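Geometric and topological summary
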Amino acid sequence: SQWGEENLQALSIQEGEDVTMNCSYKTYTTVVQWYRQKSGKGPALIILIRSNEREKRSGRLRATLDTSSQSSSLSITGTLATDTAVYFCATDSQGGRALIFGTGTTVSVSP
Amino acid sequence: GGIITQTPKFLIGQEGQKLTLKCQQNFNHDTMYWYRQDSGKGLRLIYYSITENDLQKGDLSEGYDASREKKSSFSLTVTSAQKNEMAVFLCASSIPGNTGQLYFGEGSKLTVL
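What this report covers is the structure whose coordinates are included nearby. (Residues numbered from 1 in each chain as written. Chains lettered and ligands numbered in written order. Predicted model: local features only at pLDDT ≥ 70, side-chain atom pairs only at ≥ 80, totals over all residues. Heavy atoms only, no water.)

1. Looking at the pattern of salt bridges
The full count for this structure, using the stated rule, is ten salt bridges over all chains. Where D83 of chain A meets R36 of chain A, a salt bridge forms, and the shortest distance between an N and an O atom there is 3.7 Å. With a gap of 47 residues between them, D83 of chain A in the loop between β7 (71-76) and β8 (85-91) and R36 of chain A in strand β3 (residues 31-37) connect regions that are remote in the sequence. Across the salt bridge formed by E85 of chain B and R36 of chain B, the nearest N and O atoms sit 2.5 Å from each other. One end of the pair, E85 of chain B, is in the loop between β8 (73-78) and β9 (86-94); the other, R36 of chain B, is in strand β4 (residues 31-38), and 49 residues separate them in sequence. The same class applies to E85 of chain B as to R36 of chain B, namely buried. Each member of the salt-bridge network shares a partner with another, and the members are R36, D38, R44 and E85 of chain B. (Salt bridge = Lys/Arg side-chain N within 4 Å of Asp/Glu carboxyl O. Helix = DSSP H or I, 4+ residues; strand = E, 2+ residues; numbered from the N terminus. Buried < 20%, exposed > 50% of the residue type's maximum accessible area, 1.4 Å probe, protein only.)

2. Digging into the state of the cysteines
With the rule as written, the count across this model stands at two disulfides over all chains. A sulfur-sulfur distance of 2.0 Å marks the disulfide that ties C23 of chain A to C89 of chain A. Of note, the bridge from C23 of chain A to C89 of chain A carries an S-S torsion of about 70° and is right-handed in sense. Placement of C23 of chain A in strand β2 (residues 19-24) and of C89 of chain A in strand β8 is noted, with a sequence separation of 66 residues between them. Like C89 of chain A, C23 of chain A is buried. Here C23 of chain B engages in a disulfide with C91 of chain B; their sulfurs sit 1.9 Å apart. Taking the torsion about the sulfur-sulfur bond, which here is approximately -75°, the covalent link between C23 of chain B and C91 of chain B counts as left-handed. Linking C23 of chain B in strand β3 (residues 19-25) with C91 of chain B in strand β9, this pair joins segments that are 68 residues apart in sequence. Accessibility assignment for this pair places C23 of chain B and C91 of chain B in one class, buried. (Disulfide = S-S within 2.5 Å.)

Purely spatial values, then, with no claim about function.
Structure (structure tokens):
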């Protein structure tokens, strides 16, 4: 899971497996954005879910949002080696000055 | 499409040295950001700017200065590098509003000897 200053979590899986990672946030947010960062690159947005949505799908990605527990999850089905990356959630908490990022989940997918 | 270009990609400095990182974007976005990425701590906001000549402090602004002299560029200065410091600095831009997608550069890696 990701939360503020919590330690980075790492997951190692085999290609073809499904993976789910979680994110908890501290205050109300209008949107949760999920970013993927591959080695040596900057983060890139992969899916966005708004506070009035409970689930959002995009290809092999599925994001959920539970505003009552202030948590979101990202699932990737049928993982590929190219899904190897660090995944961050980001919210517009803390007065909405700018996006606040979680600590990230490292996913390693072996061929 | 557009691109965010950060220079230099790698920066090695000495303790106490003032070091400057530069960022250019051709998205024509109004808002630009500097985040610091440390292992195990995610991305932390240093400064952001909502328009030319505007500067807003993030949670990690102490020890840094920033400059937004043009819409397309945003610079970050480490005012006094700390010994053994190692981090990646990420520049990003977005359309106005805090729910907009961020577009990131590839980062500048700082090592202080």
